[in-house]
Amino acid sequence: MTPRRLRVDTATLWFEAPFVIALRLQEMQLAAMTGKTHDVAELQRMVSEKVAAAAESGMAVNVALWKATLDSTMRLMTGASGSGYGAAIAAAALKPYGKRVRSNARRLSRKKP
């Protein structure tokens, strides 16, 4: 992944995450004002998605670190210079979160109150 693509993905996540939070808070406020019981499934989904994204992100970072380590070792053994893997590792960490935030933004913005 190019550093430019990483910057775009990070900025997108930075703007979409508060949007999803605002949509969920709006639903909770509406439920509280109208006296309806809030959708428990949505609350459980919020928590389970965060746990799943954290686990997936951790695994992706570990895989990216192993790839970087193996490639760097081979480069050093053959006399080549090292290569920057920071962008690939950061992209691996952000990808699971970005995927879930984008899908939640689409799903929650379509929802009719």
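Residues numbered from 1 in each chain as written. Predicted model: local features only at pLDDT ≥ 70, side-chain atom pairs only at ≥ 80, totals over all residues. Heavy atoms only, no water.

1. Here we look at helix α3 (residues 86-110)
One full turn of an α-helix is made of 3.6 residues, so residues set three or four places apart face in the same direction. Between its first and last C-alpha atoms α3 spans 36 Å; for 25 residues at 1.5 Å apiece the expected length is 36 Å, and the two agree. Considering bend angle alone, the principal kink of α3 is centred on leucine 94 and spans about 35°; proline proline 96 follows within four residues of it. Residues of α3 that are buried include every one of Ala87, Ile89, Ala91, Ala92, Pro96, Gly98, Arg100, Val101, Asn104, Ala105, Arg107 and Leu108, and no others. (Helix = DSSP H or I, 4+ residues; strand = E, 2+ residues; numbered from the N terminus. Expected span 1.5 Å × (residues − 1). Bend = angle between axes of the 7 residues up to and from the residue. Buried < 20%, exposed > 50% of the residue type's maximum accessible area, 1.4 Å probe, protein only.)

2. Details of the side chain of glutamate 49
Examined against the element boundaries, glutamate 49 turns out to sit in helix α2 (residues 40-78). Residue classification places glutamate 49 among the buried positions, given a relative accessible area of 14%. Those residues in contact with glutamate 49, other than ones at most four positions away along the chain, are Arg24, Arg100 and Asn104. (Contact = heavy atoms within 4.5 Å.)

3. Here's the deal with the side chain of arginine 107
By secondary structure assignment, the location of arginine 107 is in helix α3. For arginine 107, a relative accessible area of 16% puts it in the buried group. Once residues lying within four places of it in the same chain are set aside, the contact partners of arginine 107 are Arg24, Glu42 and Arg45.

4. Some details on the environment of alanine 55
Mapped onto the secondary structure, alanine 55 falls in helix α2. A relative accessible area of 44% means that alanine 55 is categorised as partly exposed.

5. Notes on the packing of helix α1 (residues 3-34) against α3
The geometry of α1 relative to α3 is characterised by a closest axis approach of 8 Å and an angle of 35° between their N-to-C directions. Of the two possible hands of crossing, α1 and α3 adopt the one that is left-handed. When grouped by side-chain class, the residues that make up the contact of α1 with α3 number 14 nonpolar, four polar and five charged. (Axes fitted to C-alpha atoms, helices over the stretch in contact; angles between N-to-C directions. Left-handed = near helix turned anticlockwise from the far one by under 90°. Nonpolar A, V, L, I, M, F, W, Y, C, P; charged D, E, K, R; others polar.)

6. Some details on the nonpolar core
What tends to happen in soluble globular proteins is that the nonpolar side chains get buried as a cluster. In this structure, Leu13, Val20, Leu23, Val101, Ala105 and Leu108 together form the largest nonpolar core, which totals six residues. Residue assignment for this core shows that the elements contributing at least two residues are α1 and α3. (Core = buried A, V, L, I, M, F, W, Y, C linked by side-chain atoms within 4.5 Å.)

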